[in-house]
Amino acid sequence: MLYKKFFESLVPSSLRSSFRESFRIIENSQKMAKIKDVDHPHIDFEKAVIYGKLKQIKYSKINNVDANIPRLTSVWCCRLKPQQTKAFVKFIRECITPYEPQTFTHIKRLKKIGTGKDFRLDGILCSSSLFTTKDQILELIHEYSDPEISEMTSDQINEVKIPSNIPTTREISLEWSEKFWPMSWRGDPNAQFLKEVKFDIVKEKQMIRKLLDVLETATEEIESKKPTLPVATIVVNPNNEEIVSTSFDCRLAHPLHHSVMLAIEQVAQNEKKSRLQKSAHSVEFDSGYLLNGLVVYTTHEPCVMCSMGLVHSRIKRVIYLQPMKSGGLETNYQLGDRDDLNWNFETWRWLEEEDLKKLHEIERKYKTFDQEVNV
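Our subject in this report is the structure included herewith. Every chain is numbered on its own, with residues counted from 1 as its sequence reads. Residues qualify for local features only when their pLDDT is at least 70, as the model is predicted, and side-chain atom pairs are given and counted only at 80 or more; totals for whole chains, interfaces and linings, by contrast, use all residues. Note that the side-chain values use all heavy atoms of the structure and ignore hydrogens as well as water.

With that settled, consider the overall build of the protein chain. Numbering of helices and strands runs from the N terminus; a helix is a DSSP stretch of H or I covering at least four residues, while a strand is a stretch of E covering at least two. For the protein chain, the helix and strand inventory stands at 13 helices and 12 strands. The classification of residues rests on relative accessible area computed with a 1.4 Å probe and restricted to protein chains. Under 20% of the type maximum is buried, over 50% is exposed, and intermediate values are partly exposed. Counting all 375 residues of the protein chain, 41% fall into the buried class. Roughly 21,400 Å² of accessible area belongs to the protein chain as shown, and the carbon and sulfur atoms make up 52% of that amount. Only the protein chains shown count as cover for residues, with accessible areas throughout obtained via the Shrake-Rupley method and a probe of 1.4 Å.

Structure (structure tokens):
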């Protein structure tokens, strides 16, 4: 392995036997980690599907950008002697890290240049967004008290491009390390999430059936009482499985009365009553967001308006059956998984064919559904 040879070259010959033994232990641990993946046969890591019924929706998977293509960003780096490493790391920790707008946990801070006793190191100082010119970073270095690096010159600093996104596989990590800068591969973070996320798939199926049952019952009401479109939403407290809100789509009666928005409004009304009751008994109001910790089940992918309503309500998770042209969670924008918004939530699409078939049967009772729901 390239990285093994690299680190071994930095170890004195008298310590290489101990180094090799430590590395053997690490490699065995990595092999065991791979074996443990067999303990997750219910997960399709490539497709991000659990139990064959729940597909995870992530921004990086579908925003028309190949996650395996590096998105390059500019950083300042400097040429160092090996004996300057300790002072360099201290400088980064004290003067750069507290103010750095970008994270480089997937990048190794130091890069070896040359071989033998005369090798040097290149070290990443900071992103070019923190300091836009070489003079600015030099001024900070010169003000730093440690003489090991405070006399650094302009010739020792240059601007380079490195990947800002995390490689999705070890192979890609090695490829980018050769082409751009040494990467620090710690495994696919989303794969770890898929291993740790908790689902009782039997109970999830029961909730989807309840959702479809309430929709089917509602569509059988007389014309004046049934939803104007066959879209339903329920909000569930996962701690006790209580349905705290049930709503149907009435957008043809009012343009804002989508089922998700009405579900949020219903939770708000219930919360208002609860807070008034607490106030009457001299109890302080809760400060939490409306849907914090709750789970939304809805028949169709929420539109952009409803998706932003879920973001602002701080929902925990949303599960829907049918993707839509006007959707804001999968088809457009992926609003549940955006780092540029102040809240993220889990987004899943239910894949069970039997349930999708039942939903489509209900939709057929509404002749203009395809035209009306995508406006």
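Next, the rest of the story.
The subject of this paragraph is the environment of Leu351. One can find Leu351 in the loop between strand S12 (346–350) and helix H12 (353–363). The partly exposed category is assigned to Leu351, whose relative accessible area is 22%. Along the primary structure Leu351 and Val49 are separated by 302 residues, whereas in three dimensions their C-alpha atoms are 9.2 Å apart. Apart from residues no more than four positions distant in its own chain, Leu351 is found in contact with Val49, Gly52, Lys53, Leu54, Lys55 and Leu356. Here, two residues are considered to be in contact whenever any of their heavy atoms come within 4.5 Å of each other.

Let's shift gears to the pattern of salt bridges. By definition, a salt bridge exists where a carboxyl oxygen of Asp or Glu is found within 4 Å of a side-chain nitrogen of Lys or Arg. Scanning all chains against the criterion turns up 14 salt bridges. Between Lys358 and Asp213 there is a salt bridge, and its shortest N-O distance comes to 2.8 Å. With a gap of 145 residues between them, Lys358 in helix H12 and Asp213 in helix H9 (residues 201–219) connect regions that are remote in the sequence. Judged by relative accessible area, which is 36%, Asp213 ranks as partly exposed. It is possible to trace a salt-bridge network through shared partners that takes in Lys53, Lys205, Arg209, Glu352, Glu354 and Asp355.

The criterion for strand pairing is that DSSP finds at least two bridges linking the strands in question. Read across the open sheet, the 8 strands follow the order S1-S2-S3-S12-S11-S10-S8-S9; overall the sheet is mixed. Every other strand in the sheet has two partners, leaving strand S1 (43–44) and strand S9 (242–249) as the edge strands with one partner each. For every element, the axis is a line fit to its C-alpha atoms; helices are fit only across the contacting stretch, and the angle between N-to-C directions ranges from 0 to 180 degrees. Contacts from H9 reach strand S3 (54–56), strand S8 (229–237), S9, strand S10 (295–300), strand S11 (317–322) and S12 within the one sheet, and its direction differs from that of S8 by about 140°.

So, about the packing of helix H4 (residues 85–96) against helix H5 (residues 134–143). Interhelical geometry of H4 versus H5 gives an angle of 110° and a closest axis separation of 12 Å. One way to sum up the angle between H4 and H5 is to call them roughly perpendicular. Note on element contacts: H5 touches H4 through Ile137, Leu140 and Ile141, opposite Phe91, Cys95 and Ile96. Its residues assigned to classes, the contact of H4 with H5 shows 6 nonpolar, no polar and no charged. Roughly parallel means an angle under 35 degrees; roughly antiparallel means over 145; roughly perpendicular covers 65 to 115; every other angle is labelled oblique. Each residue gets one of three labels, nonpolar for Ala, Val, Leu, Ile, Met, Phe, Trp, Tyr, Cys and Pro, charged for Asp, Glu, Lys and Arg, and polar for the others, Gly among them.

A few words now on the environment of Met183. Residue position: Met183 is located in the loop between helix H7 (170–179) and helix H8 (189–196). For the pair Met183 and Ile172, spaced 11 residues apart in sequence, the C-alpha separation works out to 9.6 Å. Met183 has contacts with His106, Ile107, Lys108, Pro163, Asn165, Pro167, Ser173, Trp176 and Ser177, leaving out every residue within four places of it along the chain.

Spatially, 4 strands are ordered S5-S6-S4-S7 in an open sheet, and the strand pairing comes out antiparallel. Single-partner strands in this sheet number two, and they are strand S5 (110–113) and strand S7 (157–163). The mean inter-strand angle of the sheet, taken between neighbouring strand axes irrespective of direction, is 40°. Pairing between strand S4 (residues 72–80) and strand S6 (residues 120–127): 6 bridges, direction antiparallel. Following the sheet pairing, Val75 is matched in S6 by Ser127. H4 rests against S4, S5 and S6 of the sheet, and its axis sits at about 5° to S6. Each of S4, S6 and S7 is contacted by H5, which is oriented at about 110° to S7, the strand it contacts most.

Moving on, we come to the environment of Ile107. Among the structural elements, Ile107 can be located in the loop between H4 and S5. A sequence separation of 59 residues divides Ile107 from Ile166, and the C-alpha atoms of the two residues are 8.7 Å apart. Look past the residues within four positions of Ile107 in its chain and what remains in contact with it is Ile124, Ile162, Pro163, Trp181, Pro182, Met183 and Ser184.

This brings us to the side chain of Thr85. Within the secondary structure, Thr85 is located in helix H4. Distance and chemistry together define a polar contact, namely a pair of N or O atoms within 3.5 Å, with one atom able to donate a hydrogen and the other to accept it when in protein, and with adjacent residues in sequence counting only for side-chain atoms on both sides. Polar side-chain contacts of Thr85 include one of 2.8 Å to the backbone oxygen of Pro82. Dropping the residues within four chain positions of it, Thr85 is found in contact with Leu110 and Leu121.

Residues belong to a common nonpolar core when they are buried Ala, Val, Leu, Ile, Met, Phe, Trp, Tyr or Cys residues joined through side-chain atoms within 4.5 Å. Judged by nonpolar contacts, the single largest core of 25 residues is most densely connected at Tyr297, Ile319, Leu321 and Trp348. Elements with a minimum of two residues in this core: H9, S8, S10, S11, S12 and H12. Top contributing element to this core by residue count: H9, with 6 residues. When residues no more than four places from it in sequence are discounted, the contact partners of Trp348 are Ile50, Leu54, Lys55, Gln56, Phe193, Leu194, Val197, Phe199, Arg317, Val318, Ile319 and Tyr320. In terms of nonpolar packing, the next biggest core, distinct from the first, is built from 22 residues, Ile96, Phe119, Leu138 and Ile149 among them.

Planes of paired rings set the category: under 30 degrees apart is stacked, over 60 is edge-to-face and the rest tilted, where pairs are Phe, Tyr or Trp rings (Trp by its six-membered ring) whose centres lie within 6.5 Å. Tallied over the entire structure, the rule returns 2 aromatic pairs. Where Phe91 meets Tyr144, the ring centres are 5.1 Å apart and the plane angle is 70°; that geometry is what we call edge-to-face. Placement of the pair is Phe91 in helix H4 and Tyr144 in the loop between H5 and helix H6 (147–150), with a sequence separation of 53 residues. When sorted by exposure, Phe91 lands in the same class as Tyr144, which is buried. Positioned above the aromatic ring of Phe119 is the side chain of Lys112, whose terminal nitrogen or guanidinium carbon lies 4.9 Å from the ring centre. Any Lys NZ or Arg CZ that is within 6 Å of a ring centre and within 35 degrees of that ring's normal is treated as a charge sitting over the ring.

Read these as geometric descriptors, not functional statements.
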